[in-house]
Amino acid sequence: MDIPVLHRLALNESPFPPLPSVREAMRAAVAEAHRYPQFHPDDLTERIAAWCRVPPARVAVGSGSVGVALQLLHAVVERGDSMVYAWRTFDAYPLLASMVGARSITVPLSPDGRQDLPALLAALDHRTRVVVLCNPHNPTGSLITADDLVDFLRRVPPHVTVLLDEAYVEFARDTRLPDALALLDAHPGLLVLRTFSKAYGLAALRVGYGIGSPDLVARVRRQQLPFGVNSVASAAVEASLRAGDELERRVESVTAERERLRRQLVTLGWRIRPSHTNSLWLAAPDPVEDGAAALAAAGVQARHYPGEGIRLTVGSREANDAVRTALAAVGRDRMSGGDAVSVARSGGVVRA
Ligand code: PMP
């Protein structure tokens, strides 16, 4: 019997629907839906640039951060070039590489779930055009510190563009978090990628942006689809920028829930490292297969990487409590050294 999904915790989405002010802005934009949006999203680019306190010439806005990443690859990669990144990472990177005919060179994560920066550097050669760093990392939630990032950037050869994916940066509270925008002047080959999909809760609307040197940004913008950012999305983003304080409080509540859930699961015996994203990473050799089955049986949709781990998005308090209850049986059983609990398998765990 299929178990209904009660809690969607598989895609690192925000648990909060759009704010009333954002909905109102979207409603107003819908009334104008017979009109084209701007050919290129110049107004939105200016707003985002002002909000980030950088000149507009440093910002490229696109269809989600994944859209901006593809624009960058189109701009700098020739068929047969290589793209280097840690694995695991965000699933789109291998797809984007194949879309532009790049060879993917992957470097395993270190056992504690961090991107192995020396090994990534060692993987760069004369055919490498792009190296991707994800900070904080998806799916493990690990952090590259400012010191390590600065050292890495110093060692990257100038023919390699660094795509620094900061999709989750708003959830990072660690003082060692790099100030990536402060590094742009010294590193013209750096593009910092951000999104309104995660902390700002607008995943359906597909708005992301890259910040980099004016030269690199100009090349990225040349790959922009005309009329590619729709008016409803632009209106929602502009309204979100006006509601920064309210959204910041939402982010605070997600990070507080992240810490609460982590403490609870650690108490149950799960060995979960600190996370700097809106998700927790439950890793083998903890009993992740049984954990995935228990979550599915409880109607919790999580992201299961068979044999590797579970990425569990931090949800509402109710969803997180459902997670704790589902995983309690597995954790208790493991701590007592007994066999894993037997729970019904269902299709509730997303594997895509
Ligand atoms: N980067 C990372 C690391 C992600 O996890 C995701 C989404 N899961 C994205 C980028 C894509 O975000 P967007 O919705 O902005 O395309």
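(A) Layout of the domain arrangement of the chain. In terms of domain boundaries, the chain breaks down into domain 1 (7–15 + 245–345) and domain 2 (20–242). When each unit is reduced to the centre of its C-alpha atoms, the spacing between domain 1 and domain 2 is 27 Å. Every contact between the two is made by 22 residues of domain 1 and, on the other side, 22 residues of domain 2. Note on domain 1 versus domain 2: buried area summed over both sides is about 2000 Å², and carbon and sulfur give 54% of it.

(B) Representation of the site of the ligand in the model. In the vicinity of the ligand lie 13 residues, with Ser65, Asp165, Tyr168, Thr195 and Ser197 positioned nearest. Side-chain polar atom of asparagine 138 to an oxygen atom of the ligand: 2.7 Å apart, as the coordinates give it. Here the ligand has 400 Å² of accessible area as a free molecule, and 92% of this is covered by the chains. Spatially, the ligand is embedded in the second largest pocket. The element best represented in the shell around the ligand is helix H3 (residues 64–76), accounting for 3 residues. By residue class, the composition of the shell around the ligand is 5 nonpolar, 5 polar and 3 charged.

(C) Up close: the sheet that holds strand S8 (residues 207–212). Across the sheet, which stays open at both edges, the 7 strands sit in the order S2-S8-S7-S6-S5-S3-S4 with mixed pairing between neighbours. Strand pairing shows two members of the sheet lacking a second neighbour, strand S2 (59–63) and strand S4 (103–108), which therefore form its edges. Neighbour-to-neighbour, the strand axes of this sheet turn through a mean angle of 25 degrees, independent of strand direction. Here 5 bridges tie strand S5 (residues 128–134) to strand S6 (residues 161–165), and the two strands are oriented parallel to one another. In the strand pairing of S6, valine 131 is matched with valine 162. Against the sheet, helix H2 (residues 42–52) contacts S2 and S8, and its axis sits at roughly 125 degrees relative to S2. Across the face of the sheet, H3 comes into contact with S2, strand S3 (82–87), S5, S6, strand S7 (190–195) and S8 while running at roughly 115 degrees to S2.

(D) Main features of the nonpolar core. Ile48, Phe152 and Phe196 are the most contacted members of the largest nonpolar core, which has 59 residues in total. Among the elements that line this core, the one with the most residues is helix H8 (residues 231–242), at 7 residues. Two domains each put at least three residues into this core: domain 1 (7–15 + 245–345) and domain 2 (20–242). Ignoring any residue separated from it by four or fewer positions in sequence, one finds phenylalanine 196 in contact with Ile48, Trp51, Gly201, Leu202, Ala203, Val207, Tyr209, Val237 and Leu241. Counting residues in each nonpolar core, the second largest holds 25 residues, with Ala60, Leu191, Leu193 and Leu216 among its members.

(E) Focus on the pairing of strand S9 (residues 279–283). Summarising burial for S9: 5 of the 5 residues are buried, a large majority. The alternating pattern of S9 places Ser279, Trp281 and Ala283 and Leu280 and Leu282 on opposite faces, both of which are buried. Sheet analysis places S9 next to strand S11 (residues 309–313), joined by 5 bridges and oriented antiparallel. Residue pairing across strands places alanine 283 opposite glycine 309, the latter belonging to S11.

(F) View of the packing of H2 against H8. Two numbers describe how H2 lies on H8: the axes approach to 10 Å, and their chain directions differ by 25 degrees. Taken as axis vectors, H2 and H8 run roughly parallel relative to one another. Classified by chirality, the crossing of H8 by H2 is left-handed. Counting all contacts with H2, which are made through Leu44, Arg47, Ile48 and Trp51, the residues of H8 involved are Ser234, Val237, Glu238 and Leu241.

Calculation rules
Residues numbered from 1 in each chain as written. Predicted model: local features only at pLDDT ≥ 70, side-chain atom pairs only at ≥ 80, totals over all residues. Heavy atoms only, no water. Domains from an automatic or database assignment. Contact = heavy atoms within 4.5 Å. Buried area = accessible area lost by both parts, 1.4 Å probe. Near = heavy atom within 4 Å. Polar contact = N/O pair within 3.5 Å; in protein donor to acceptor, adjacent residues only side chain to side chain. Areas by Shrake-Rupley, 256 points an atom, 1.4 Å probe, with all protein chains shown as cover. 1 Å grid on protein atoms, 1.4 Å probe; cavity = no way out; pocket = protein on both sides within 12 Å on 5 of 7 lines; lining within 4 Å. Sits in = over half its atoms within 2 Å of the grid points. Helix = DSSP H or I, 4+ residues; strand = E, 2+ residues; numbered from the N terminus. Nonpolar A, V, L, I, M, F, W, Y, C, P; charged D, E, K, R; others polar. Pairing = 2+ DSSP bridges. Axes fitted to C-alpha atoms, helices over the stretch in contact; angles between N-to-C directions. Core = buried A, V, L, I, M, F, W, Y, C linked by side-chain atoms within 4.5 Å. Buried < 20%, exposed > 50% of the residue type's maximum accessible area, 1.4 Å probe, protein only. Parallel < 35°, antiparallel > 145°, perpendicular 65-115°, else oblique. Left-handed = near helix turned anticlockwise from the far one by under 90°.

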